[in-house]
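# Structure at a glance
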Amino acid sequence: MLSIYNTLTKMKEEFVPIHSPEVSMYVCGPTVYDFFHIGNARSFIMADIVRRYLEYKNYKVKYVMNLTDVDDKIIKKSIQEKKQAAEISENYILAFLEDINKLKIKPATLYPKATAHMKEIIQFIKELEDKGYAYNIDGNVFFDVLKFKEYGKLSGKKTDELESGARIEINEEKRNPLDFSLWKKAKAGEPFWESFWSKGRPGWHIECSAMSCKHLGTTFDIHAGGNDLIFPHHENEIAQSEAANGKKFVNYWIHFGFLNINDEKMSKSLGNFFTARDILKKHSAEAIRLSFAQTHYAGPLNYSEDLLLSSEKGLEKINNLAYKIQNELSTAKKTEVSLNFNFDKYYRAFESSMDDDFNTPQATAVIFDFTRDINKTISENENLNYEFFKSAKLFLEKTAVNVLGILDFEKHSKYAGDSIENELIELLIRLRIEAKEEKNFLLSDKIRDRLKEIGIILQDSKERTTFKRITI
Ligand code: AMP
Ligand code: ZN
């Protein structure tokens with residue numbers, strides 16, 4: 001049974017989808033005015049792991065991630081760079097798609113763009129206005145927070161406390177400082193769309209309500225995003241959606257903890273960030289993903305170069321096993337030993353970790369235990385059969401590859417799948433054995449050393465000689 005910590009109820013709850021086996025999931029995506037940073041990447045990767053685990057459990061996930069392609073930051077950049085706002089956003093959408101692909105994040109089912117949903121957004125605002133939840137002042141439309149009685153139920157904030165804490169914004173004619181923009185009248189030179197109220201553009205919160213509702217329905221299963229979005233973004237999404245539709249908006253709210261640097265939130269405005277594409281020049285997607293998976297998604301995580309270096313060290317163990325498995329699977333052997341290895345135990349441990357609110361630190365520990373135990377079994381048993389290695393590969397594929405994305409068998413099968421090369425190595429191994437039998441140790445050592453130079457290590461045991469490849 002999968003349980004998820006729900007920000008709305010502040011409890012771990014059993015996950016029951018509305019239309020099982022279908023699951024509808026919406027994740028707040030990037031505002032496309034720059035490359036995304038490694039802090040954003042943490043949220044995107046952890047959301048990807050949630051989605052992949054749901055798929056492991058045979059759910060069919062409709063995964064929607066919006067792209068905010070109309071926004072003050074995009075407009076500001078377009079003015080700075082003397083380009084059209086659309087040109088800025090299109091370029092960064094391409095960069096975003098490239099980067100998530102490099103991070104091995106599975107593509108969403110849909111990436112709706114705000115600019116392609118103006119009709120739905122305007123209609124949504126109209127509905128709110130008709131129902132008395134929105135008011136128009138001179139072409140600017142606001143949501144009337146006090147009309148929505150349950151405002152604050154996600155963040156736990158109370159409207160009266162918020163009001164006394166809020167600074168009154170001088171330039172705005174809002175009825176209440178808590179009211180937020182649904183539609184903003186365009187200033188000269190800004191991009192705009194025609195609407196009932198003015199030539200203008202939507203506020204950020206309404207985009208997510210309109211697009212999630214259009215693609216996932218008026219009530220859907222999971223909504224996720226970084227912790228910073230709980231208030232006001234998600235609180236406002238709930239207010240808008242539930243006011244317009246008269247129904248519960250989302251059943252499970254998942255929020256990801258922040259990636260910090262020197263214990264301070266990594267963010268563009270603080271200038272203390274590294275872009276994901278820069279980190280990817282030095283470290284693999286697998287190393288980045290492992291360093292995130294080793295901390296629970298909800299807690300904070302301090303980013304450092306050491307964190308990635310230690311993940312790389314850890315990955316070496318899993319990668320070496322992957323090499324070994326690929327090697328064994330591509331080498332035909334004469335005598336084979338079958339063994340009753342309890343694979344099921346590791347599947348159960350992996351599942352019970354992930355079922356407990358996606359406990360990835362525990363799930364990765366299961367993969368490391370598995371690696372250690374399989375290695376031990378291999379060293380204690382000569383000539384294990386094909387089935388054993390096949391099952392070991394299957395376990396790693398289902399868990400480390402498909403759910404956590406911390407292993408890529410392709411990387412380790414580049415050579416292993418090449419049977420001619422394998423045959424040539426086997427031939428050299430036989431020649432070396434013959435040389436040894438003739439006590440020509442000069443030649444046998446030469447064969448071993450020359451193979452080592454090109455990254456092929458021979459391993460002698462009583463029964464036979466095997467080889468493994470290392471990256472040189
Ligand atoms: P943005 O482009 O700033 O709207 O952010 C896109 C996503 O990344 C949102 O879900 C944010 O909550 C999340 N995010 C932003 N900064 C961080 C951070 N330092 N750590 C984790 N997630 C973050
Ligand atoms: Zn959103």
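Not measured: the values here are computed from a predicted model.

According to the domain assignment, the protein contains domain 1 (3-281) and domain 2 (314-469). A straight line from the C-alpha centre of domain 1 to that of domain 2 covers 45 Å. Across the contact, 13 residues belong to domain 1 and 17 residues belong to domain 2. Summing both sides of the interface, domain 1 and domain 2 together bury roughly 1300 Å²; the carbon and sulfur share of this comes to 56%. For the pair domain 1 and domain 2, the number of links is three salt bridges.

Close to ligand 1 lie 17 residues, the nearest being G39, S43, D228, L259 and M266. Note that an oxygen atom of ligand 1 is positioned 3.4 Å from one of the backbone N or O atoms of T31. Within the side chain of D228, an N or O atom sits 2.5 Å from an oxygen atom of ligand 1. Listing elements by their share of the shell around ligand 1, those giving two or more residues are helix 1 (38-56) and strand 9 (220-226). By residue number, the principal contributor to the shell around ligand 1 is helix 1, which donates four residues. Among the residues making up the shell around ligand 1, the classes are represented as seven nonpolar, nine polar and one charged.

On inspection of all chains with the given rule, the structure shows 33 aromatic pairs. Summarising the aromatic geometry, the rings of Y133 and F143 are spaced 6.1 Å apart at their centres and angled 10° between planes, so their arrangement reads as stacked. Within this pair, whereas Y133 is found in the loop between helix 4 (118-130) and strand 5 (134-137), its partner F143 is found in strand 6 (residues 140-143), the two being separated by ten residues in sequence. Where Y347 meets F395, the ring centres are 4.9 Å apart and the plane angle is 80°; that geometry is what we call edge-to-face. One end of the pair, Y347, is in helix 11 (residues 343-355); the other, F395, is in helix 13 (residues 386-401), and 48 residues separate them in sequence. Of the two residues, Y347 and F395, both sit in the buried class. Ring pairs connect the aromatic residues F341, F343, Y346, Y347, F370, F388, F389 and F395, which therefore count as one cluster.

For the rest of this paragraph, the subject is the nonpolar core. If you look at the biggest cluster of nonpolar residues, it comprises 90 residues, and the most contacted ones within it are L54 and L396. For this core, the element with the most residues is helix 1, which contributes ten residues. Counting the residues that make up this core, at least three belong to each of domain 1 (3-281) and domain 2 (314-469). Ignoring any residue separated from it by four or fewer positions in sequence, one finds L54 in contact with L2, F15, V23, M25, Y59, V61 and I222. By size, the runner-up hydrophobic cluster in this structure holds 42 residues, among which are I122, C213, I238 and A239.

A cis amide bond, omega 5°, links S20 with the succeeding residue P21. Among the structural elements, P21 can be located in the loop between strand 2 (11-14) and strand 3 (22-27). Of the consecutive residues F231 and P232, the connecting peptide bond is found in the cis state with omega at 0°. Examined against the element boundaries, P232 turns out to sit in helix 7 (residues 230-245). Positive phi outside glycine occurs at N58, with the angle close to 70°. When you line up the elements, N58 lands in the loop between helix 1 and strand 4 (60-65). Using a relative accessible area of 62% as the deciding quantity, one classes N58 as exposed. In this structure, D357 takes a positive phi of about 50° despite not being glycine. Along the chain, the position of D357 falls in the loop between helix 11 and helix 12 (360-380). With a relative accessible area of 5%, D357 lands in the buried category.

Reading the values: rules and limits
- Residues numbered from 1 in each chain as written.
- Chains lettered and ligands numbered in written order.
- Predicted model: local features only at pLDDT ≥ 70, side-chain atom pairs only at ≥ 80, totals over all residues.
- Heavy atoms only, no water.
- Domains from an automatic or database assignment.
- Contact = heavy atoms within 4.5 Å.
- Buried area = accessible area lost by both parts, 1.4 Å probe.
- Salt bridge = Lys/Arg side-chain N within 4 Å of Asp/Glu carboxyl O.
- Near = heavy atom within 4 Å.
- Polar contact = N/O pair within 3.5 Å; in protein donor to acceptor, adjacent residues only side chain to side chain.
- Helix = DSSP H or I, 4+ residues; strand = E, 2+ residues; numbered from the N terminus.
- Nonpolar A, V, L, I, M, F, W, Y, C, P; charged D, E, K, R; others polar.
- Phe/Tyr/Trp six-rings, centres within 6.5 Å; stacked < 30°, edge-to-face > 60°.
- Buried < 20%, exposed > 50% of the residue type's maximum accessible area, 1.4 Å probe, protein only.
- Core = buried A, V, L, I, M, F, W, Y, C linked by side-chain atoms within 4.5 Å.

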